[in-house]
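# Breakdown of the fold
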Amino acid sequence: IVLVTVVQTCALPIFADGAAILAAMTKISAATSKLNTTISDFHGGLIGLAETIPILVESTQLLNDIKAGTKTADASAELTIDETIQVSGATSKLVEGVQTSLKTIVNTKSEFDKLLVISPIVLLNLEQEKAATDKFTKAVIAKLPEQFRSIAQGLTAPVDVAFDNAIATYKKFF
């Protein structure tokens, strides 16, 4: 009987909620901010080569956090109005952080170019992070009450513009 109960319990779907989505957004915001700081502190040259390792590690962690956030959003039930308002506030903060980070990445391109192999890796990371961000955004928006979805799309649109700009800048290397 205990085994049957455990199996039945494990078979039940586990739903996330607005708090879980907010926690995911907070984690993504923190990873974005950390990456931005690390890139801002980049010195370039041969010393900079060693500094690229933390950038790549943090970029990978950010990508993993975005993917985990997408899973959380996918597992969530539709958000309440109160949760939607909270997610909206967190979204504004996250959009601002992403824009700042992408601007820093664009501004650091000339230093990355000097190391030859770094800019192509940054481009690949940007493309992967944009794809993951698009999925995360769609997953969160899908959980909002219908009447808020178009507003949310407008609120997150600047992220696409910032990613597109950064990707276009890094494609100039080739």
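All figures in this text were calculated on a predicted structure; none of them were measured in a lab. (Residues numbered from 1 in each chain as written. Predicted model: local features only at pLDDT ≥ 70, side-chain atom pairs only at ≥ 80, totals over all residues. Heavy atoms only, no water.)

## Here we look at the overall build of the protein chain
A count of helical and extended segments in the protein chain gives seven helices and zero strands. Walking the protein chain from its N terminus toward its C terminus, one meets helices and strands in the order α-α-α-α-α-α-α. Burial analysis of the protein chain (174 residues in total) assigns 43% to the buried set. In the protein chain, the share of contacts with a sequence separation of at least 24, taken over all contacts with a separation of at least 6, comes to 85%. When the accessible surface of the protein chain is split by element, carbon and sulfur atoms take 64% of a total near 9700 Å². (Helix = DSSP H or I, 4+ residues; strand = E, 2+ residues; numbered from the N terminus. Buried < 20%, exposed > 50% of the residue type's maximum accessible area, 1.4 Å probe, protein only. Contact = heavy atoms within 4.5 Å. Areas by Shrake-Rupley, 256 points an atom, 1.4 Å probe, with all protein chains shown as cover.)

## Thoughts on the packing of aromatic side chains
What the rule picks out here adds up to one aromatic pair. Over the ring of Tyr170 we find Lys109, and its NZ or CZ is 5.6 Å from the ring centre. (Phe/Tyr/Trp six-rings, centres within 6.5 Å; stacked < 30°, edge-to-face > 60°. Lys NZ or Arg CZ within 6 Å of the ring centre and 35° of its normal.)

## A few points about the packing of helix α4 (residues 81-107) against helix α6 (residues 118-142)
Contact geometry of α4 with α6 gives a least axis separation of 14 Å together with a crossing angle of 170 degrees. Between α4 and α6, the interaxial angle falls into the category roughly antiparallel. Counted together, Val87, Leu94, Leu102 and Ile105 of α4 and Val122, Leu126, Phe136 and Val140 of α6 form the full contact between these two elements. For the contact of α4 with α6, a count of residues per class yields eight nonpolar, no polar and no charged. (Axes fitted to C-alpha atoms, helices over the stretch in contact; angles between N-to-C directions. Parallel < 35°, antiparallel > 145°, perpendicular 65-115°, else oblique. Nonpolar A, V, L, I, M, F, W, Y, C, P; charged D, E, K, R; others polar.)

## Section: the pattern of salt bridges
Scanning the model with the defined rule gives nine salt bridges in all. Between Glu78 and Arg149 there is a salt bridge; the shortest N-O distance is 3.6 Å. Within this pair, whereas Glu78 is found in the loop between α3 (45-75) and α4, its partner Arg149 is found in helix α7 (residues 146-171), the two being separated by 71 residues in sequence. Here Arg149 ties to Glu146 by a salt bridge, and the two come within 2.8 Å at their closest N and O atoms. Pair noted here: Arg149 and Glu146 are both in helix α7, with a separation of three residues, about one helical turn. Taken together, the shared-partner salt bridges in this structure form one network comprising Lys130, Asp134, Asp160 and Asp164. (Salt bridge = Lys/Arg side-chain N within 4 Å of Asp/Glu carboxyl O.)

## Concerning unusual backbone geometry
Backbone geometry at Leu116 places phi at a positive 60 degrees, although glycine is not the residue there. Following the sequence through the fold, Leu116 ends up in the loop between α5 (109-113) and α6. On the accessibility criterion, Leu116 (56% relative accessible area) is exposed.

## As for the nonpolar core
In terms of nonpolar packing, the biggest core is built from 41 residues, with Leu102, Phe112 and Leu126 touching the most fellow members. Elements supplying a minimum of two residues to this core: α2 (18-40), α3, α4, α6 and α7. Among the elements that take part in this core, α6 stands out by supplying nine residues, more than any other. Beyond its immediate stretch of four places on either side in the chain, Phe112 contacts Ile39, Phe42, Ile55, Ile118, Ser119, Val122 and Tyr170. (Core = buried A, V, L, I, M, F, W, Y, C linked by side-chain atoms within 4.5 Å.)

## Side note on the confidence of the model for the protein chain
Per-residue confidence for the protein chain averages 89 on the pLDDT scale, and 89% of its residues sit at or above 70. Element-level mean pLDDT values for the protein chain span from 38 in helix α1 (residues 2-11) up to 97 in α7. (pLDDT = per-residue confidence, 0-100.)

## As for the side chain of Glu83
Inspection of the secondary structure assignment puts Glu83 in helix α4. One polar contact links the side chain of Glu83 to the main-chain amide nitrogen of Gly18, over a distance of 3.1 Å. (Polar contact = N/O pair within 3.5 Å; in protein donor to acceptor, adjacent residues only side chain to side chain.)

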